[in-house]
Amino acid sequence: MLVAFVLKGPRDPLRPSTAQDGVGPLTRRRYWVDVEGATQPAEEIAEHWRNHLPDHAPKWLTWFRGLDHPVPPARCGDRLWIRLFLIRRGRVVIEHIDPLGFRVRTLRLHPEAGTTDFRVYPGTQPGGMVLQIESLLRSNSHFDRLAYLLGIHAAQSHNWHLTLTSVAQHAGGRIVNRGTESLEMPRLEHTYSLSERSSGA
C-alpha cells in the first residue's frame, strides 16, 4: 500500500518543483569526464546532447522521450517524460539553453526536486573538453530519500557516467579521466551560473 501511494504521485504532477519542495539535505552531485581528441566543436556537441539525450542515456536505467512532442528538437520550455529504473515515473522541463549546455528542472512527478545541468567545457588544447552533468537536488519524499541511501545513488551515478561515455564517443574523443562528487550544500549554487539569457533554440 505504501509503495502504491508513493508511485501514485502528487496532485499537481506537472508543476515545476524547487529544492524547497523536497526533504533531506540539498545535495550537489557532479559527474564529469575529461576528453581528449574530440573531432567536433564544443557547441555542436552541446546542441547534439540536448536534442539526443534519449539516445545517450541507457534506456534500462533512464528512458527519456518528449512529453509535448517528439524529440528532437528539444527547446526551452519543452517537457520530457522519464521512466526511471523501469518502474518509477519522472518529468522534467528544459528551463535554460545556451551554446554550451542546457538545464532541466524537475516537475512534481519526479523522485527528486531541483535542477540538473548538462554542460560542455572547452579545454585549452584543441579537441580537449570536459563533459559534465551536475544536479542540485533534494529528495522528493522520505521514501525517495531512503531509496537513494539504500542504493539508488549507485544506479544514478552509473546511469550518468554511461551517458557521458556515450556523448564522448559521439564527440569522437577518448576519455582520459572521470570523476564523481557529492556535496551537501548550504544554498542553491551550481558550479555554472546562468549568466546568459535562456534561448528557445
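Here we summarise the structure given alongside this text. (Residues numbered from 1 in each chain as written. Predicted model: local features only at pLDDT ≥ 70, side-chain atom pairs only at ≥ 80, totals over all residues. Heavy atoms only, no water.)

### Some thoughts on the nonpolar core
Thought 1: Ranked by size, the top nonpolar core spans 30 residues in total, and within it Trp49, Phe118, Val120 and Leu131 carry the most contacts.
Thought 2: Going through the elements one at a time, β1 (23-36), α2 (42-51), β3 (79-84), β4 (88-98), β5 (101-106), β6 (112-122), β7 (129-139) and α4 (142-171) are the ones with two or more residues in this core.
Thought 3: Here this core takes five residues from α4, the largest share from any one element. (Core = buried A, V, L, I, M, F, W, Y, C linked by side-chain atoms within 4.5 Å. Buried < 20%, exposed > 50% of the residue type's maximum accessible area, 1.4 Å probe, protein only. Helix = DSSP H or I, 4+ residues; strand = E, 2+ residues; numbered from the N terminus.)

### Quick look at the pattern of salt bridges
Thought 1: Within the structure shown, the criterion is met by 13 salt bridges.
Thought 2: Here Arg28 ties to Glu134 by a salt bridge, and the two come within 3.7 Å at their closest N and O atoms. Linking Arg28 in strand β1 with Glu134 in strand β7, this pair joins segments that are 106 residues apart in sequence.
Thought 3: For Arg28, a relative accessible area of 11% translates into the label buried.
Thought 4: Using a relative accessible area of 0% as the deciding quantity, one classes Glu134 as buried.
Thought 5: The closest approach of N and O atoms between Arg103 and Asp117, which form a salt bridge, is 3.1 Å. A residue pair is termed long-range when its members are at least 10 positions apart, and Arg103 in strand β5 and Asp117 in strand β6 qualify at 14 residues.
Thought 6: Taking the relative accessible area as the measure of exposure, Asp117 reaches 1% and is therefore buried.
Thought 7: A network of salt bridges, in which partner residues are shared, links Arg28, Arg30, Glu134 and Glu181. (Salt bridge = Lys/Arg side-chain N within 4 Å of Asp/Glu carboxyl O.)

### Looking at a nonpolar patch on the surface
Thought 1: Where nonpolar side chains cluster on the molecular surface, the patch consists of Trp60, Leu86, Ile87 and Leu162 and spans about 440 Å² of accessible area.
Thought 2: Mapped onto the secondary structure, Trp60 falls in the loop between α3 (53-56) and β2 (62-66). (Patch = residues over 30% accessible without salt bridge, like charges linked within 9 Å, V, L, I, M, F, W, Y side chains within 5 Å. Areas by Shrake-Rupley, 256 points an atom, 1.4 Å probe, with all protein chains shown as cover.)

### Description of unusual backbone geometry
Thought 1: The omega torsion across Val71 and Pro72 is 5°, close enough to zero to call that bond cis.
Thought 2: Relative to the elements of secondary structure, Pro72 occurs in the loop between β2 and β3.
Thought 3: A cis amide bond links Pro72 with the next residue in sequence, Pro73, at an omega value of 5°.
Thought 4: Mapped onto the elements of the fold, Pro73 is located in the loop between β2 and β3.

### With respect to the pairing of β6
Thought 1: The buried count for β6 comes to nine of 11 residues, which makes it a mostly enclosed element.
Thought 2: By the bridge criterion, five bridges tie β5 to β6 in an arrangement that is antiparallel. Across the sheet, Arg103 pairs through a bridge with Asp117, a residue of β6.
Thought 3: Connecting β5 to the antiparallel partner β6 that follows it, the hairpin turn spans five residues.
Thought 4: In this structure, β6 lies alongside β7, joined through 11 bridges in antiparallel fashion. Residue pairing across strands places Gly114 opposite Leu137, the latter belonging to β7.
Thought 5: The antiparallel hairpin formed by β6 and β7 contains six residues in its connecting segment, where Gly127 sits at a positive phi of about 80°. (Pairing = 2+ DSSP bridges.)

### Some details on the packing of aromatic side chains
Thought 1: In this structure the tally under the stated criterion is five aromatic pairs.
Thought 2: With a centroid separation of 5.9 Å and an interplanar angle of 85°, the aromatic rings of Trp63 and Trp81 are classed as edge-to-face. Of this pair, Trp63 sits in strand β2 while Trp81 sits in strand β3, and the two are 18 residues apart along the sequence.
Thought 3: Taking the relative accessible area as the measure of exposure, Trp63 reaches 40% and is therefore partly exposed.
Thought 4: Judged by centre distance (5.5 Å) and plane angle (75°), the rings of Phe118 and Trp160 are edge-to-face. Taken as a pair, Phe118 in strand β6 and Trp160 in helix α4 lie far apart in primary sequence, 42 residues in all. Residues Phe118 and Trp160 agree in their burial class; the two are buried.
Thought 5: Aromatic ring contacts, followed pair by pair, group Trp49, Phe102, Phe118 and Trp160 into a single cluster.
Thought 6: Over the face of the ring belonging to Trp81 we find Arg65, whose NZ or CZ atom lies 4.3 Å from the ring centre. (Phe/Tyr/Trp six-rings, centres within 6.5 Å; stacked < 30°, edge-to-face > 60°. Lys NZ or Arg CZ within 6 Å of the ring centre and 35° of its normal.)

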